[in-house]
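This is what each chain is made of:
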Amino acid sequence: MQDKEPEEFRENTSIFQIWLLFRKNTIALFSFYLLTLLTLTALFSSWIAPYSDNTQFVGQELMPPSWVDKGQIAFFFGTDDLGRDILSRLIMGTRYTLGSSLLVLIATALIGGALGIIAGMLKGIKARFVGHIFDAFLSLPILLIAIIISTLMEPSLWNAMFATLFAILPYFIHAIYRAIQEELKKDYVIMLKLEGISNWTLLKTTILPNITIVYIQEISRAFIVAVLDISALSFISLGAQRPTPEWGAMIKDSLELLYLAPWTVLLPGFAIIFTILLSIIFSNGLIKAINQYYE
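The structure reproduced in this document is the subject of the present report. Everything quoted here is computed from the prediction, not taken from an experiment.

**A few points about the environment of Leu115**
Moving on, step 1. Relative to the elements of secondary structure, Leu115 occurs in helix H4 (residues 86-120).
Moving on, step 2. The partly exposed category is assigned to Leu115, whose relative accessible area is 41%.
Moving on, step 3. Along the chain, Leu115 and Tyr177 lie 62 residues apart, while their C-alpha atoms are 8.4 Å from each other.

As structure tokens, this is what we get:
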């Protein structure tokens with residue numbers, strides 16, 4: 001068996017110690033388990049959902065949730081105006097809302113991280129020029145950029161994902177760019193550069209570890225924005241189309257039933273809010289654990 005380098009042992013030890021600190025935060029740990037469960041639900045939704053998301057039960061339209069009078073346990077969250085099981089549609093919706101948001105997040109983390117690092121390591125006029133370009137993008141809200149991009153394409157969930165990705169990227173790249181630029185101005189970094197350290201070594205051993213918290217914060221923010229924007233684009237008919245059970249599209253399709261059958265609107269909304277809250281609690285707990293480790 002090949003021996004590990006000392007750096008590998010230190011890295012593994014650091015991750016393990018951060019995990020031990022993170023585990024002490026019961027709420028954050030619980031949110032991590034729930035997020036993992038939601039991710040697994042998105043992967044295996046077809047096997048978990050009790051019914052097909054588009055199966056219509058004739059005569060069971062607008063059935064209230066099971067805990068309400070006249071509700072049935074067979075339709076735990078009730079049915080919509082077409083007799084479709086709400087629970088099944090919410091479960092299948094994790095594949096579209098959560099799944100698509102995770103894909104956008106992965107692409108943002110990889111592409112945005114790489115471009116942010118490249119931009120951050122620029123010097124002189126190039127760095128100032130790139131900074132001004134990012135400042136121009138920051139004057140527009142992310143959702144507005146996503147809407148503008150979506151109107152140029154055919155309404156679909158995939159196009160909503162691309163629009164959301166392109167809208168988030170400038171903000172993500174700018175955050176990494178600014179974090180690296182701030183690190184490069186610090187005295188100990190300047191001293192290392194005077195000693196002749198290479199840019200790659202400086203980036204790997206000093207800068208990237210020091211912007212870890214910023215990176216995690218931006219990833220969490222990007223995920224939240226992705227969930228909200230994909231749902232919002234579907235809500236205004238620029239994203240997922242009928243009969244796709246994306247959570248934003250489910251709210252749009254049932255909005256006129258708000259007073260007659262409020263569960264058809266509130267439950268998808270609660271699913272969006274619940275997912276966002278879990279992400280916030282988990283990321284805050286992880287950042288707190290990292291801060292405690294380096295204190």
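Now that the structure is up, let's keep going.
**Quick word on empty space enclosed by the protein**
Empty space among the atoms becomes visible once a probe the size of a water molecule is rolled across them.
Moving on, step 1. Here the structure, examined in full by the defined rule, presents 2 cavities of 30 Å³ or more.
Moving on, step 2. Put simply, the largest cavity is a space of about 50 Å³.
Moving on, step 3. Listed by contribution, the elements that provide at least two residues to the lining of the largest cavity are H4 and helix H11 (247-254).
Moving on, step 4. A per-element tally of the lining of the largest cavity places H11 first, with 3 residues.
Moving on, step 5. Within the lining of the largest cavity, the residues separate by chemical class into 2 nonpolar, 2 polar and 4 charged.
Moving on, step 6. Its volume calculated, the second largest cavity comes out at about 40 Å³.
Moving on, step 7. Partitioned by chemical class, the residues of the lining of the second largest cavity number 6 nonpolar, no polar and 2 charged.

**So, H11**
Moving on, step 1. The element H11 is extensively covered by neighbouring structure, given that 7 of its 8 residues are classed as buried.
Moving on, step 2. Every buried residue of H11 is listed here: Trp247, Gly248, Ala249, Met250, Ile251, Asp253 and Ser254.
Moving on, step 3. Taken together, the buried residues of H11 touch H4, helix H10 (212-235) and helix H12 (263-294).
Moving on, step 4. Taking the backbone nitrogen of Gly248 as reference, a side-chain oxygen 2.8 Å away marks Glu246 as the first, capping residue of H11.

**Some remarks on the nonpolar core**
Moving on, step 1. Core analysis: the biggest nonpolar cluster contains 58 residues, and Leu90, Val104, Ile168, Ile180 and Ile207 have the highest contact counts within it.
Moving on, step 2. Among the secondary structure elements, those contributing two or more residues to this core are helix H2 (26-43), H4, helix H6 (142-151), helix H7 (157-184), helix H9 (199-210), H10, H11 and H12.
Moving on, step 3. Ignoring sequence-local partners within four residues, the contact set of Ile207 consists of Met121, Ile180, Glu183, Leu184 and Leu202.
Moving on, step 4. Grouped together as the second largest cluster of nonpolar side chains are 8 residues, Ala28, Ile287, Ala289 and Ile290 included.

**Brief notes about the layout of surface pockets**
Moving on, step 1. If you add up the space inside the second largest pocket, you get close to 330 Å³.
Moving on, step 2. The wall of the second largest pocket is formed by 15 residues, among which Leu35, Leu102, Leu105, Ser279 and Phe282 lie closest to the centre.
Moving on, step 3. Within the residue set of the lining of the second largest pocket, elements represented by two or more residues are H2, H4, H10 and H12.
Moving on, step 4. Split into classes, the residues belonging to the lining of the second largest pocket amount to 10 nonpolar, 5 polar and no charged.

Reading guide: rules and limits
- Residues numbered from 1 in each chain as written.
- Predicted model: local features only at pLDDT ≥ 70, side-chain atom pairs only at ≥ 80, totals over all residues.
- Heavy atoms only, no water.
- Helix = DSSP H or I, 4+ residues; strand = E, 2+ residues; numbered from the N terminus.
- Buried < 20%, exposed > 50% of the residue type's maximum accessible area, 1.4 Å probe, protein only.
- 1 Å grid on protein atoms, 1.4 Å probe; cavity = no way out; pocket = protein on both sides within 12 Å on 5 of 7 lines; lining within 4 Å.
- Points joined across faces, edges and corners; volume = space filled by probe spheres on them.
- Nonpolar A, V, L, I, M, F, W, Y, C, P; charged D, E, K, R; others polar.
- Contact = heavy atoms within 4.5 Å.
- Polar contact = N/O pair within 3.5 Å; in protein donor to acceptor, adjacent residues only side chain to side chain.
- Core = buried A, V, L, I, M, F, W, Y, C linked by side-chain atoms within 4.5 Å.

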